[in-house]
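Results of the structural survey
So the chains spell out like this:
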Amino acid sequence: MNLNDDHIQFIIKDLHKRGLLLDDLKDEIIDHVCSAVEERMNSGVRFVDAYDKVIETFGNTSGLQQTQKETAMLQNFFTVAFRNLKKQRFYTMVNISGLAVGVASCLVIMLYVINEFSYDSHFTGYDRIYRVQAEIKFGDNHLMLAVTPAPLSETLQKDFPEIEATARFWNSGTTIFRRTEDSFKEPNTVFADSSLFKVLDIPFIAGDPKTALKEPATMVISKKAADKYFPDEAALGQTLISNSGRSWKITGVMENIPSNTHFNFDFILSLITIDYNRDGNWLSNNFNTYIKLRDGVDPKDLEAKFPKMIDTYVGPQAKMALGGNFTMEKFRASGNIFEYTLIPITDIHLNSDRIAEIGVNSDKSYVYLFAAIAGFILLIACINFMNLSTARSANRAKEVGIRKVMGSFRSHLVKQFLIESILLSLFSFVIAIAIAWLVIPMFNELSLRELSMPFGSPLFWALVIAAALITGVLAGLYPSFFLSAFRPVNVLKGNVALGTKSGLVRGALVVFQFWISIVLVVGTIAVNRQLSYIQTKKIGFNKDKVIVVHDAYALKDQLQSFKEEVEKDNMIKSGTISSFLPVAGTSRSDNTHWPAGKSPTEENMVSLQVWDVDYDYVKTLGMKIKEGRDFSKDFLSDSTRVILNEAAVRAFGYLQEPLGKKIATFDNAELKTYRYSTIIGVVEDFHYESLRENIGPVALFLDKSTGSVSFRFEAKNTKDVINLLEARWKKLGPGLPFDYSFLDEDFGKMYAAEQRLGEIFTVFAVLAIIIACLGLFALTAFTAEQRTKEIGIRKVLGASVSGIVVLLSKEFGKLILIAFLLATPAAWYGITKWLESYTYRTEIGVFVYVIAGVAAFAIAWITMSFQSIRAALTNPVKALRSE
């Protein structure tokens, strides 16, 4: 029996209703169902019963199993998705490129963030390893120290069973080693107790970590150092000679310490060699002390016992120094502080910025800032996707309406659009990984890190794939539901809202994009203005045209001859031998002094930077004598004289006629005798630490300090000066490494973090603007496309090109203006908080915000104008020919 037209129409409508008709298999499915129904009707079964049985069978085992149906449907989704992406090449390119750049930026920064938070977590039992640090406050002196007294380590081990092991470090700075005649400068050198490897389980390649540093003149070196000095033989048992002439026996070779640690040394020398007395001075802080707690010990409980230890060991020495009826209880009751606290080893890198850190640490706030910026960049890229997807809804409206009329469920449409979004995301992530791989070497150079793409990590790929899927779903979720919600009757009549006026959400997203961009631009300008302020601020000395030759002590008795030989050249104005320079990385030494004639009480004592200099120090560094005179060879008594800076004069209370007055300090470790120095000059305050810090009291004493020799020069060609110094150096110290730097560059290095922040801000601000403008460019193009007929009519009625350009651009111009108004207070708050960390800072006026707003508006206007002018110049005949 043949089916009539009514039967066939019923079957088609019912199959549509059931969602069993797939676009690519529609005819085959209809033919299959009709044939099966006819076959059953030929056996005498009624049409309704025959159709029900066929549908039941068709839904289960009729040859097109449910899994096959789903697979075919999925294949159809992908086919349609690829067709749409290919058809809309311009929008696809904008989406993929914008999202790829955003994802690449986020990926690189997240690798950086993960690396920063992973510091020192590779040590076994890292959660039980702590550094002991000191806080000392008396009078106007407040010291936050990363170092502690020499006897503290052994006392902790002896008095507290909660502690499994303790170890001390003494950072010796740079050491020169040689095996043969050629010497090498080794900056990563430290002295340590033999118990070091009980606290930090650094793997050994050769030697026994238990005994490696027990004997004097022994050392442990890294694999990198062993390969450098002993490339073709075993290093264990060999010796290296330091510049002092001491021979160091290598008793251990350790694996290279990972870069993500604050303890990064290639040469570890036995501390027992320099014979620091563990039972010595509790008032002198020179050692980084680390401890490892036993399992289950609460560090807070241990810290609570430290005050009693301080009373027992520090109290008697403090009483001897201060005399009278001094007690630690009265000391604390007066608002003074003397305490030891513990900091987890994993917190040191991001949470510690104390005096005498082993190395330069990072700032956690910068890490969070970079992570936020990376997130914002990714968010801008996702916003671009959402904006373009919803804006293009009019182009897909008829497709949605026809699909719904033909029986498509909303869930099918949602899946269709989500698949397109996920495909875009996957393509973007693939390109993003390639971009990140190419960019990481440049980022490493900028951030001074050793990041790499973890291609061999399954976890990395799992996270990347998951992130791609999540990004695709989140970015496509709103457009998917927005598009699939269209009512067929409306869209097929052409009643779909077009343009920017109907896109409140889209407008809000554009505002948010440019809000982020403007904040980043303002931040970039502010950071660079602070850096400019640092470089141009009067700092109390002349850093220009001063060259510093490092490791001058290596010349030994020839050092003075070296200085005098160099000074004979007309290019050299003066030279000075001193380890103490007003830049980071040079010597520092603080000691307690008080006004002569007064007792050494906490009210009178001043924590003073004590710098040993020579006769030409003030002249060479271009410092200004405000009162009195400089050191002079004409006065033999200058060995007992002192020059103070203005901050020291204020601290001692010598505001009126400081010249001729005396200051006192302890003359020996037993704290029983005093040494007096007479003030002969007052030098203008100079910055010797970061501008984040106040200028502290400094005293210049005439004494030897042979760490470096500095020369002020006057030459057109700096290379001539370098050649002169190198020739004289090699003549007097053949085989010794010649190392130099310029004082202005060393000063700049003090602000390396700020410089990196400025560079990274600049890069991300540019990226944010580019990605935002990419989206704006595409949105303007779409708007122009949707208003083609309107533009044609306006041109026919006499509208000018400029008028049409303004018409198409003003909607987005308003959005950017709103973004500027919202971004200004947010940027002001963030910059104000950042600048508060500087004692000396620039002023960020309204002009900076205006510049940022005008720049963002101008870039956006140029972006919009390109498409607007193109649309305005289109022949109106082409736009209206279908009307």
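For the structure, see preceding data.
In short, a report on the structure. Everything numeric here is computed off the predicted structure, so don't read it as measured data.

The subject of this paragraph is unusual backbone geometry. Notably, leucine 448 is not glycine yet its phi reads approximately 60°, a positive angle. With respect to the element layout, leucine 448 can be found in the loop between helix H15 (410–447) and helix H16 (458–484). Residue class for leucine 448 comes out exposed when judged on its relative accessible area of 57%. A positive phi angle, close to 55°, is found at lysine 556, a residue other than glycine. Its place among the elements puts lysine 556 in the loop between strand S12 (546–550) and helix H19 (559–567).

So, about the nonpolar core. Residues Phe514, Trp611 and Leu700 are the most contacted members of the largest nonpolar core, which totals 107 residues. In terms of residue count, helix H24 (residues 752–786) provides more of this core than any other element does, 14 residues in total. Residues within four places of leucine 700 in sequence aside, it is in contact with Trp611, Val613, Tyr617, Val618, Phe631, Arg641, Val642 and Ile643. Grouped together as the second largest cluster of nonpolar side chains are 33 residues, Leu302, Leu322, Tyr340 and Ala664 included.

Attention now goes to the environment of glycine 98. Inspection of the secondary structure puts glycine 98 in helix H5 (residues 89–117). We classify glycine 98 as buried; its relative accessible area is 2%. Remark: the alpha-carbon pair of glycine 98 and alanine 381, spanning 283 residues in sequence, is separated by 5.4 Å. Not counting the four nearest positions on each side in its chain, glycine 98 is found in contact with Ala381, Ile771 and Leu774.

What follows deals with the pattern of salt bridges. Counted according to the given criterion, the structure contains 29 salt bridges. With a closest N to O distance of 2.4 Å, glutamate 162 and lysine 305 form a salt bridge. With a gap of 143 residues between them, glutamate 162 in the loop between helix H6 (152–159) and strand S3 (163–178) and lysine 305 in the loop between helix H9 (299–303) and helix H10 (306–322) connect regions that are remote in the sequence. Three or more residues are tied together by salt bridges with common partners; here these are Lys563, Glu567, Asp616 and Lys619.

Turning to the packing of H6 against H10, a few remarks are in order. The contact between H6 and H10 brings their axes to 12 Å, and the two run at 120°. On the basis of their axis angle, the class for H6 and H10 is oblique. You can see that H6 and H10 cross each other, and the crossing is right-handed. Residue-level contacts link Leu152, Thr155, Leu156, Lys158 and Asp159 of H6 to Phe306, Met309 and Tyr313 of H10. Tallied by class, residues from the contact of H6 with H10 come to 5 nonpolar, 1 polar and 2 charged.

What follows covers the pairing of S3. Here S3 runs beside strand S10 (residues 288–293); their pairing, made up of 6 bridges, is antiparallel. Bridging across to S10, isoleucine 163 finds its partner in leucine 293. By the bridge criterion, 7 bridges tie S3 to strand S4 (residues 183–192) in an arrangement that is antiparallel. The partner of glycine 173 across the bridge, within S4, is threonine 189. With antiparallel pairing between neighbouring strands as the criterion, S3 and S4 make up a hairpin whose turn holds 4 residues. Where S3 and strand S7 (residues 239–242) come together, 2 bridges link them in antiparallel fashion. Note on S7: the bridge partner recorded for arginine 178 is isoleucine 241.

As a further point, take the pairing of strand S8 (residues 247–254). Within S8, 6 of the 8 residues are buried, which leaves the element mostly enclosed by the surrounding structure. Relative to S8, strand S5 (residues 204–207) runs antiparallel, the two being bridged by 3 bridges. Residue pairing in the sheet places alanine 206 in a bridge with valine 253 of S8. Direction of pairing for strand S6 (residues 218–222) relative to S8: parallel, over a ladder of 5 bridges. Note that in S8 the partner of threonine 218 across the bridge is lysine 249. Two elements, S7 and S8, share 3 bridges in a ladder whose sense is antiparallel.

Among the secondary structure elements, glutamate 303 is positioned in helix H9. Separated by 2.6 Å, the side chain of glutamate 303 and the backbone nitrogen of leucine 342 make a polar contact. Ignoring any residue separated from it by four or fewer positions in sequence, one finds glutamate 303 in contact with Thr341 and Leu342.

Attention shifts here to the environment of alanine 651. Tracing the chain through its elements places alanine 651 in helix H21 (residues 646–652). Taking the C-alpha atoms as reference points, alanine 651 and valine 606, separated by 45 residues in sequence, lie 6.7 Å from one another. Every residue in contact with alanine 651, bar those within four places of it in the chain, is listed here: Val606 and Pro697.

Rolled over the atoms, a probe as big as a water molecule pinpoints where empty space is left. If you add up the space inside the second largest pocket, you get close to 630 Å³. Lining the second largest pocket are 26 residues, and of these Leu107, Met110, Leu111, Ile114 and Phe460 sit closest to its centre. When contributions to the lining of the second largest pocket are tallied by element, the ones reaching two or more residues are H5, H15 and H16. Each residue belonging to the lining of the second largest pocket can be placed in one class, and the counts come to 18 nonpolar, 7 polar and 1 charged.

Moving on: the side chain of arginine 131. Secondary-structure assignment places arginine 131 in strand S1 (residues 129–138). Residue arginine 131 is classed as buried on the basis of its relative accessible area of 0%. Among residues more than four places away in sequence, those in contact with arginine 131 are Ala146, Thr289, Tyr290, Thr341, Leu342, Ile343, Ile348, Ser352, Arg354 and Glu357.

Moving on to the sheet that holds strand S21 (residues 708–713). Spatial strand order, S13-S21-S12-S22: 4 strands in an open sheet with antiparallel pairing. Looking along the sheet, the strands with just one partner apiece sit at the ends: strand S13 (572–577) and strand S22 (740–742). Taken pair by pair, the neighbouring strands of this sheet meet at an average axis angle of 20°, ignoring direction. Bridge analysis of S12 against S22 gives 3 bridges, and the strand direction is antiparallel. In the sheet register, valine 549 faces S22, and the bridge partner there is tyrosine 740. Strand contacts of H19: S13 and S21, with the helix running at about 165° to S13, the strand carrying the most contacts.

Criteria and thresholds
- All residue numbers refer to positions counted from 1 along the written sequence of the respective chain.
- Totals for whole chains, interfaces and linings use every residue, but because this is a predicted model, local features are given only for residues with pLDDT of at least 70 and side-chain atom pairs only at 80 or more, for both listing and counting.
- Side-chain descriptors were evaluated using all non-hydrogen atoms of the structure, hydrogens and water having been removed beforehand.
- Only DSSP runs of H or I reaching four residues or more are called helices, and only runs of E reaching two or more are called strands; each is numbered from the N terminus.
- When accessible area is computed with a 1.4 Å probe and restricted to protein chains, residues below 20% of their type maximum are described as buried, those above 50% as exposed, and intermediate ones as partly exposed.
- The criterion is simple. A nonpolar core is a set of buried Ala, Val, Leu, Ile, Met, Phe, Trp, Tyr and Cys residues joined through side-chain atoms within 4.5 Å.
- Working rule for contacts: check all heavy atoms of both residues, and any pair within 4.5 Å makes them a contact.
- Each salt bridge in this description consists of a side-chain nitrogen of Lys or Arg and a carboxyl oxygen of Asp or Glu lying within 4 Å of one another.
- Fitted lines through C-alpha atoms give the axes, limited to the stretch in contact for helices. The angle between two N-to-C directions lies from 0 to 180 degrees.
- Each angle is binned into one of four classes, with values under 35 degrees roughly parallel, values over 145 roughly antiparallel, values of 65 to 115 roughly perpendicular, and all other values oblique.
- The sense of a crossing depends on the near helix, which, turned anticlockwise from the far helix by less than a right angle, makes the crossing left-handed and, turned clockwise, makes it right-handed.
- Any residue that is not Ala, Val, Leu, Ile, Met, Phe, Trp, Tyr, Cys, Pro, Asp, Glu, Lys or Arg is counted as polar, Gly included; the first ten are nonpolar and the last four charged.
- At least two DSSP bridges between two strands are needed for those strands to be called paired.
- Under this definition, polar contacts are N or O atom pairs within 3.5 Å; protein pairs additionally need one hydrogen-donor-capable and one acceptor-capable atom, and for neighbouring residues in sequence, both atoms have to be side-chain atoms.
- Here the term cavity refers to a set of points on a 1 Å grid, laid over the protein atoms alone, in which a 1.4 Å probe fits but cannot get out; the term pocket refers to an open set having protein on both sides within 12 Å along at least five of seven lines, with lining residues being those that place an atom within 4 Å of a point.
- Grid points are joined across faces, edges and corners, and a volume is the space filled by probe spheres set on the points.

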